[in-house]
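Topology and contacts: notes
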Amino acid sequence: MAPASDTPAPYGVLYSADPVENAPTPPSLDALLTPAVLFVRVQWVDLANTVRFRVLPAAYFRRVLAAPRPGISVAEVALGLVGLACAPGVSAVGEHLLVPDLASWRVCTYSPGHASVMGWFEANVPSPTAGLAVPLCPRTLLHRLVREARDKAGVSFLVGVESEFILVSATRPEPVYVNYADWSCSAKTRTGSVEAQVLEEIAQCLLDAGIELQMYHAEAAPGQYEVVTGPLAPLEAADALVFTRETIYNIANKHGLRATFSPRLHSDSCGSGAHTHISVHDLSSPTPSPAAQERAGDAARAPALSPTERSFLEGLTAHLPAVCALTLPTAASYARMADGIWSGGTTACWGTYNREAPVRICGPAGHAHFEVKCVDATATPHLALAAIVGAGLRGVADGALLSTGDCTKPVCEMSEGERRAVGLGGERLEARRLPKTIADARAKLKADSVMREALGEEFVERYLGLLERFLTGKDEKESARKLMEYF
């Protein structure tokens, strides 16, 4: 028997972010358009996280891609609709070109005969400042920030997501949940039950579509489940999340159920989040900066993290109150963000395996990643990741020193002395308070010059114009029903 080592081996499945390995090579159109593909859904996700698409017969899709400039015309208002209303600054005038991105192609395993492909929005005519790019396009925004991270900071990312949702058999006059069993209980997946069939079919559809399914399990609220998918590069991860949610919606519908990702249906049960796991990878040996040479205290705060990871964590937590405007974009989002319910709490902080911190450090030393808990499925995936990447990237670019310590207990349970010990005492605690309402979140985004610069002034101005009371009813019951039927 080999002698025991003082350093245990890293646990869990380990992932690397090799830039070559994770750069998708678009396959040829002939390889994609097999005889089994009859229709192609050219998709986009707007600023209010509505998945929209145009269905093209396979033969016409081939003709579109053979054009000198491939794409289909879509009204400019497509990105600025909130329900059936136009956000301020958006009108019926103007068109964009929606350009299929073949790297995002997936066969719709939940809808035989169909395939889906995400699109980029481009201007019909280049502008003097942005060229063909459309600043409001969520995929373009995320792609730009990931490229900046690679080119300017020498870092890349991997992202995986936990998708929580609830299955109901009716929404009116009252929701009817498929069961009332508890967290991880076998009673929630009994053989022969419709919910067990739905979950197995969802799992198989994801696997057949080439998405790494790590697990699914029962969650705590009535009829609530979770699907966990593996890490991908940010743009791929956001696209895969759109496909995952569409799979869940469609398979539930096929079996006469409705799946809802609503953040929190009622105040007396658990909410549903989209906990986002992100790891940061140096593409080359980082060049020491003056700040990096003074990292003794910084390293002591988080010795298991690399200097780059600590800088990313500082940028993320420092700007997390503003990030929430994109990761928690509806009024209902804030009913889930409370202390004491394992949703991340109300203070922008971090903690090792602390489920009451909005940023939880997971994984063994040398293979750590960050779980961002203040994200839900009302957020457009590409925008949520753009906000997280943009905040953390600023910390990496600045060589920011980690200014807060490991919260080994919930901040709401700490004494003033304990809060000061982790850098959250006095006025610092107030500065790190997460927003309590969507209006508060948008005010924090508007006041954060770093996030405005990262996301772009034009984007932030238009995004802040979205209707704040979208899907808000006259009371909790009506609001819950609206959310359940929309998300």
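Here, the structure is the one placed above.
What comes next concerns the included structure. Model, not experiment: these values are computed from the prediction. What you see as residue numbers is a count from 1 along each chain, following the sequence as written. The predicted origin of the model limits local features to residues at a pLDDT of at least 70 and limits the giving and counting of side-chain atom pairs to 80 or more, whereas totals for whole chains, interfaces and linings rest on all residues. Each side-chain value is derived from all of the structure's non-hydrogen atoms; neither hydrogens nor water enter the calculation.

With respect to the overall build of the chain
The cut-off we apply is this: Secondary structure follows DSSP: runs of H or I at least 4 residues long count as helices, runs of E at least 2 residues long count as strands, and numbering of each begins at the N terminus. Atoms counted for the radius of gyration: C-alpha only. Globule rule: 2.2 Å times residue count to the power 0.38. Each residue is assigned to one of three classes by its accessible area relative to the maximum for its type, calculated with a 1.4 Å probe on protein chains only: buried under 20%, partly exposed between the two thresholds, exposed over 50%. Working definition of accessibility: Shrake-Rupley area with a 1.4 Å probe, residue cover restricted to the visible protein chains.
Helix and strand counts for the chain come out as 15 helices and 18 strands. Since a compact globule built from 487 residues should have a radius of gyration of about 23 Å, the 22 Å found for the chain is in line with a globular shape. The buried share of the chain, reckoned over its 487 residues, is 55%. Accessible surface, the chain as shown: approximately 21,000 Å² in total, 56% of it carbon and sulfur.

Some remarks on the nonpolar core
Which entries qualify depends on this criterion: Residues grouped as a nonpolar core are buried Ala, Val, Leu, Ile, Met, Phe, Trp, Tyr and Cys residues, joined through side-chain atoms within 4.5 Å. Throughout, a residue-residue contact means that at least one pair of heavy atoms, one from each residue, lies within 4.5 Å.
Grouped together as the largest cluster of nonpolar side chains are 91 residues, with contacts concentrated most on F61, W105, L455 and F459. With 10 residues, helix 9 (residues 381-398) is the single largest residue contributor to this core. Setting aside chain neighbours within four positions, we find L455 in contact with L141, R144, L145, L326, A386, A387, L445 and V460. Listed in part, the 26 residues of the second largest apolar core include V227, A240, F243 and L257.

A word on the pairing of strand 18 (residues 369-372)
As a reminder, the rule being used: We treat two strands as partners when DSSP finds at least two bridges between them.
Note that strand 15 (residues 276-282) and strand 18 share 3 bridges and pair antiparallel. Note on strand 18: the bridge partner recorded for I278 is F370. Remark: 6 residues form the turn of the hairpin made by strand 17 (residues 359-362) and strand 18, two consecutive strands paired antiparallel; G363 in that turn has positive phi of roughly 95°.

Some thoughts on the pattern of salt bridges
Counted only if it meets this: One speaks of a salt bridge when a side-chain nitrogen belonging to Lys or Arg is within 4 Å of a carboxyl oxygen belonging to Asp or Glu.
Within the structure shown, the criterion is met by 20 salt bridges. The salt bridge involving E371 is made with R360; its shortest N-O contact spans 2.4 Å. Of this pair, E371 sits in strand 18 while R360 sits in strand 17, and the two are 11 residues apart along the sequence. With a relative accessible area of 7%, R360 lands in the buried category. Between E457 and R452 there is a salt bridge, with its nearest N and O atoms 3.2 Å apart. A relative accessible area of 47% places E457 in the partly exposed class. Among the ionic contacts, a cluster of salt bridges with common partners joins D101, R139 and D239.

A closer look at the packing of aromatic side chains
The criterion, for reference: Here a pair means two rings of Phe, Tyr or Trp (six-membered ring of Trp) with centres within 6.5 Å. Their orientation is stacked below 30 degrees between planes, edge-to-face above 60, and tilted elsewhere. Any Lys NZ or Arg CZ found within 6 Å of a ring centre and within 35 degrees of that ring's normal is scored as a charge over the ring.
Within the structure shown, the criterion is met by 10 aromatic pairs. A centroid spacing of 5.4 Å and a plane angle of 50° characterise the contact between Y110 and F243, whose relative ring orientation is tilted. Here Y110 is found in the loop between strand 7 (106-107) and strand 8 (114-127), whereas its partner F243 is found in helix 5 (residues 234-254), with 133 residues between them in sequence. Just as Y110 is buried, F243 falls in that class too. Among the aromatic residues, those joined into a cluster by ring pairs are F165, Y225, Y249 and F261. The aromatic ring of Y225 is capped on one face by K188, whose charged end is 5.9 Å from the ring centroid.

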